[in-house]
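Fold and geometry: a report
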There are 2 protein chains.
Amino acid sequence: MRIPPKLESKVMDPEDVFKKILKNKKSIAFGGMGGQSVPKIIPLIFKEHPQYFKGIQVYSGGGMTKSFDDAMRNIEISRRFYYLSDKKSRDDVNNGKTMMMDYSVYKYSKLLSLNSMDKIDVAVLEATEVNSKGIILSLSVDATPALCNASKKIIIEINRSKPVLTGLHDITDINSVREHQFKKIISRIGKRELRINQNKIAAIIYSDGSEESAASYGKPPEEINSIAENIWSMLDEKIKFKNTMPVQVGAGSIASSLIDKSPFNDLKIWCEIAPARWTEYIGHKIKYISASAIYTLQGEEVYTKKFMENYLDYSGNIVLRPNYITNSPEIISGLGVIVLQQAIEIDIFGSANVSHIRENIYNGVGGSIDFCSSGKYVAIVMPSTAMNGKISRIVPMLSCVDIPRMLVDFVVTEIGIADLRWKDPRERAVEIIKNCVHPNFKDSLLRYMNYLNAGHLPYNINEIIKWNKN
Amino acid sequence: MRIPPKLESKVMDPEDVFKKILKNKKSIAFGGMGGQSVPKIIPLIFKEHPQYFKGIQVYSGGGMTKSFDDAMRNIEISRRFYYLSDKKSRDDVNNGKTMMMDYSVYKYSKLLSLNSMDKIDVAVLEATEVNSKGIILSLSVDATPALCNASKKIIIEINRSKPVLTGLHDITDINSVREHQFKKIISRIGKRELRINQNKIAAIIYSDGSEESAASYGKPPEEINSIAENIWSMLDEKIKFKNTMPVQVGAGSIASSLIDKSPFNDLKIWCEIAPARWTEYIGHKIKYISASAIYTLQGEEVYTKKFMENYLDYSGNIVLRPNYITNSPEIISGLGVIVLQQAIEIDIFGSANVSHIRENIYNGVGGSIDFCSSGKYVAIVMPSTAMNGKISRIVPMLSCVDIPRMLVDFVVTEIGIADLRWKDPRERAVEIIKNCVHPNFKDSLLRYMNYLNAGHLPYNINEIIKWNKN
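Residues numbered from 1 in each chain as written. Chains lettered and ligands numbered in written order. Predicted model: local features only at pLDDT ≥ 70, side-chain atom pairs only at ≥ 80, totals over all residues. Heavy atoms only, no water.

Bringing the overall build of chain A into the picture now. Tallying secondary structure elements over chain A gives 15 helices and 25 strands in all. Compactness check: chain A gives a C-alpha radius of gyration of 22 Å against a globular reference of 23 Å for 470 residues, within 12% of the reference. Over its C-alpha atoms, taken along the principal directions, chain A stretches across nearly 75 × 50 × 40 Å. Looking at chain A as a whole, 68% of its 470 residues qualify as buried. At a minimum sequence separation of 6, the contacts of chain A that also span at least 24 residues come to 72%. About 16300 Å² of surface is accessible on chain A, with carbon and sulfur atoms providing 46% of the total. (Helix = DSSP H or I, 4+ residues; strand = E, 2+ residues; numbered from the N terminus. Rg over C-alpha atoms; globule rule 2.2 N^0.38 Å. Buried < 20%, exposed > 50% of the residue type's maximum accessible area, 1.4 Å probe, protein only. Contact = heavy atoms within 4.5 Å. Areas by Shrake-Rupley, 256 points an atom, 1.4 Å probe, with all protein chains shown as cover.)

The structure is reproduced here in structure tokens:
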């Protein structure tokens, strides 16, 4: 039984939900993150009736799926929070058709929880069961608890193709985090259910939709083997890594592949989001995973399926939490998490841009500043070039700084490792250029250094303009 | 008795300390912060024998005093960590004579505690007593515990002109923070003494030097009354401030004057450093102060003196802690501190520069990123102009970003309040220009907006160059 008898009256078909609840609503929130456990039925209503949602504000838990973004394609969205996963929504934001603020994952949940805006009309989430205590979620917790808190009504899609995933989640109210502490990253401090005021439940819909892969993440870069090798040597040689130290590995294909090459066993992973394939490593390479969602990379659907079928075997090793826990500066700092953060580009002093390509937003800042501001050590990890080697990802100056230089301890590319600790900005530049820049760009960057006048954080605007024109 | 009998053999005069311990040493650390409790005797040795300290590395707990900087004036310092307080040391850094990395207050203590570099030869600190348990410090705890941990030897200056300040400090090891939690900001979790391995004590010197005012902080700006009014309305109207919420007020003259104008009573101040004058407010405007040091602003020497004479009266209300506690993201985030952060300039999207004037460093980043990344709400607070109104502190683009835009919720100047929450970058720009920019620059910035092409975070480099030439 997926719902208690007293909620049976709430079960509706999508057309009724549209007519009775959604039609002409001004703001709507969707749970789901990294394409995982995104609602599957309600978005189709938007696709069918775009004219009733003109100018709507859309909140989501994180990056969504191709199907979701496809359903949103014909809607005029006035505001979108806070993370993008497809070209159309990116274009709308960059063209000024849709307003968007790229909050960090933690800040977003926090602002939602602080009631800093008008209540959202409706939140829609995917669950595996509703029982008398609350909602048993699926493979993503993400911002769903915060979105439910900030919404007037809640629509639940119960996905019957999944098992009831009781015991995988650890859900705490944002305000009671302080009352608890994590002894181990796996120690549960909250409840197995998302507890909400049941009067808020406006409708329940049954779905059978299968999961898609995450729309935001591409294939691993060709240089992935060398990047991985350099990362694991950096951990080993520079910080004498021990597997008692929790590691955060950012989301996406680099992150996923990194673990394949890990020479360490029994890793403790404290992260925002974990690829399903990592569940295969439990018991040897990985000991524990604490994340906000388990997501599926392209071609890795089988791992998600297998994990769901056998999730009880992992209940002592994997736990899913709200992202105000996974991304909390308080907890990241307290646990001493070692942070491996991906970036689009960095400047020669170590500041990073993770969100923009020139003036255009790509996905958004995600959890970068949450982890980088509070991690025990912070390494920026990326290939040295982009666009098939045509441009350097290490540049004289950034137009968009998401992570300031002071927070960054190491830079790692396929070329090598830069250790920035205790170095002056000019020494940092030399260290980065010498060890991390691709040979095709090394001379140009060293030449740029010659154009710099005095100053602690020097730049030469004319040379920067030339650099950007090349 | 200021020292136990078994340490009497360590008492030396300065000339002996020079000959037996300091001569030709390569690295030295000085406790003290914001000009408070900076060692007074040892710096004079540097002044007298500059030729024996060529190329030395100097670490300090924070900003120092005029006397200290004066004593360092003739030394060739190869490296300086991590905060500057006078023109000469600034010039040396900006001219490339002295290398310097402007770590945040917390990161600095953390890197020192992680043993991420060669041990420092000697740490020098001011104390009021050494007893069998440890060292009773003076009015600054700052990075002293971390510096002692990172140093091979310790020299203690006991200042006999001060009372033995037992009971004012709360000193915890950086690694045991997690084992404790603060119920109230005043709850003590550590020891009254700084506990060190007594074998590290290389010398004890008696001093009688009186305190100076902090070298880093100038006079409050003329607009201070209007800035203060706007801040207190922002707290009242925008976040429904209650005096159960701890507030951080940045260091310096604006900070100090802010409290004078506070309409709230019983404030709980959780900050890096507190001006001595605030101690006068205990019992009405202020209930508790937790800080790393109590510093003296120019002309306010009398408050420091009075506080020291009657410090026991305040022992339930004021506590001094290491700056890895005051500036810990874990604790700031856990307590939900409301952050009022000063800046040199901001861009139109809300990112802030707190450390540089063009390519030249001013003081350093201080605790800005520590507080801004973890605070419950973050407001950037500054006058709208600099150089007697000649330049706007709100500019199209920053060359140095210390605090990225996503972290900032409000901007407050003497002109008004900008509420940036849930706003798109372009909306943020309009909000800031409309509410916070000085009338003399409003039209130029609005005109700049017209030159922007599409894009989520747009800029126009040619117009920026023109702006900087004006």
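Now, onward.
Contacts between the two partners involve 70 residues from chain A, matched on the other side by 70 residues from chain B. Both sides together, the interface formed by chain A and chain B hides about 6200 Å², and carbon and sulfur atoms give 56% of it. Counting across the interface, chain A meets chain B through eight salt bridges. With its nearest N and O atoms 2.9 Å apart, the salt bridge here joins R405 of chain B to D402 of chain A. Inspection of the region where chain A meets chain B yields 34 residue pairs in polar contact (both at pLDDT 80 or more). Broken down by element, the residue count for the side of chain A that touches chain B peaks at six residues, all from helix α5 (residues 105-113) of chain A. Residues of the side of chain A that touches chain B, tallied by class, amount to 35 nonpolar, 18 polar and 17 charged. (Buried area = accessible area lost by both parts, 1.4 Å probe. Salt bridge = Lys/Arg side-chain N within 4 Å of Asp/Glu carboxyl O. Polar contact = N/O pair within 3.5 Å; in protein donor to acceptor, adjacent residues only side chain to side chain. Nonpolar A, V, L, I, M, F, W, Y, C, P; charged D, E, K, R; others polar.)

This part is about the pairing of strand β10 (residues 267-270) of chain A. Residues and elements named next belong to chain A. The two faces of β10 match: L267 and I269 on one face and K268 and W270 on the other face are all buried. Pairing analysis gives two bridges linking strand β9 (residues 246-249) to β10, with the strands arranged parallel. Residue pairing for β10: P246 is matched across the bridge by K268. Read from β9 through helix α8 (residues 253-260) to β10, the crossover connection turns out right-handed. Here β10 pairs with strand β12 (residues 286-291) via four bridges, running parallel. (Pairing = 2+ DSSP bridges. Right-handed = clockwise from strand over helix to strand, strands pointing away.)

With that out of the way, let us pick up the relation of the copies chain A and chain B. With an RMSD of 0.0 Å, the operation that places chain A on chain B is a rotation of 180 degrees combined with a shift of 0.0 Å along the axis. The transformation just described matches what one would write down for a two-fold rotation axis. Closest approach to the rotation axis within chain A is made by the C-alpha atom of E330 of chain A, at a distance of 1.8 Å. Looking at chain A, 100% of its interface residues are interface residues in chain B too, so the copies touch through the same face. (Least-squares fit on C-alpha atoms with pLDDT ≥ 70 in both.)

A separate point is the packing of aromatic side chains. Scanning the model with the defined rule gives 32 aromatic pairs over all chains in all. For the ring pair Y82 of chain A and Y83 of chain A, a centre distance of 6.3 Å and an interplane angle of 55 degrees mean the geometry is tilted. Take Y83 of chain A: its relative accessible area is 13%, and that puts it in the buried class. Ring geometry for Y377 of chain A against F410 of chain A: centres 6.4 Å apart, planes inclined by 45 degrees, an arrangement best described as tilted. Of the two residues, Y377 of chain A is situated in strand β20 (residues 377-381) and F410 of chain A in strand β24 (residues 410-412); the sequence distance between them amounts to 33 residues. Taking relative accessible area as the criterion, F410 of chain A reaches 0% and is therefore assigned buried. Members of the aromatic cluster, joined through ring pairs, are Y59, F81, Y82, Y83, Y103 and Y108 of chain A together with W422 of chain B. Above the plane of the ring of Y362 of chain B lies R90 of chain B, whose end atom (NZ or CZ) is 4.0 Å from the centre. Here the guanidinium or amino end of K285 of chain B rests over the ring plane of Y281 of chain B, the centre of that ring lying 5.4 Å away. (Phe/Tyr/Trp six-rings, centres within 6.5 Å; stacked < 30°, edge-to-face > 60°. Lys NZ or Arg CZ within 6 Å of the ring centre and 35° of its normal.)

Each strand in a sheet pairs with another by means of backbone hydrogen bonds, the pair being arranged parallel or else antiparallel. Residues and elements named next belong to chain B. If you trace the eight strands from one edge of the open sheet to the other, you get β14-β12-β10-β9-β15-β20-β24-β25, paired in mixed fashion. In this open sheet, the two edge strands, each paired with only one partner strand, are β14 (318-320) and β25 (417-419). In this sheet, neighbouring strand axes are inclined to one another by 20 degrees on average, regardless of whether the strands run parallel or antiparallel. In this sheet, β14 lies alongside strand β12 (residues 286-291) in parallel orientation, the contact comprising three bridges. Residue pairing in the sheet places A291 in a bridge with L320 of β14. Against the sheet, helix α7 (residues 224-238) contacts β10 (267-270), β15 (338-342), β20 (377-381), β24 (410-412) and β25, and its axis sits at roughly 150 degrees relative to β24. (Axes fitted to C-alpha atoms, helices over the stretch in contact; angles between N-to-C directions.)

Glancing now at the packing of helix α14 (residues 439-450) of chain B against helix α15 (residues 461-469) of chain B. Pairs of packed helices are described in terms of their axes, by the angle between the two and the distance that separates them. All names here are of chain B. The geometry of α14 relative to α15 is characterised by a closest axis approach of 11 Å and an angle of 165 degrees between their N-to-C directions. Relative to α15, α14 is oriented roughly antiparallel. The two elements α14 and α15 meet at a crossing, and its hand is right-handed. Residue-level inspection shows F441, S444, L445 and Y448 of α14 in contact with α15, the latter providing E463, I464 and W467. Per-class residue counts for the contact of α14 with α15 are five nonpolar, one polar and one charged. (Parallel < 35°, antiparallel > 145°, perpendicular 65-115°, else oblique. Left-handed = near helix turned anticlockwise from the far one by under 90°.)

Here we take up the state of the cysteines. A disulfide bridge is the covalent bond that connects two cysteines by way of their sulfur atoms. Within the structure shown, the criterion is met by zero disulfides over all chains. Not part of a disulfide, C372 of chain B finds its nearest cysteine sulfur in C400 of chain B, a span of 13 Å. (Disulfide = S-S within 2.5 Å.)

Under the present numbering, the feature "domain: Acetyl-CoA hydrolase/transferase C-terminal" (unreviewed entry) in UniProt falls on residues 306-448 of chain A. Between the end C-alpha atoms of residues 306-448 of chain A there is a gap of 52 Å, over a span that is 31% helix and 24% strand. (UniProt positions renumbered as here; feature names shortened; annotations may be inferred.)

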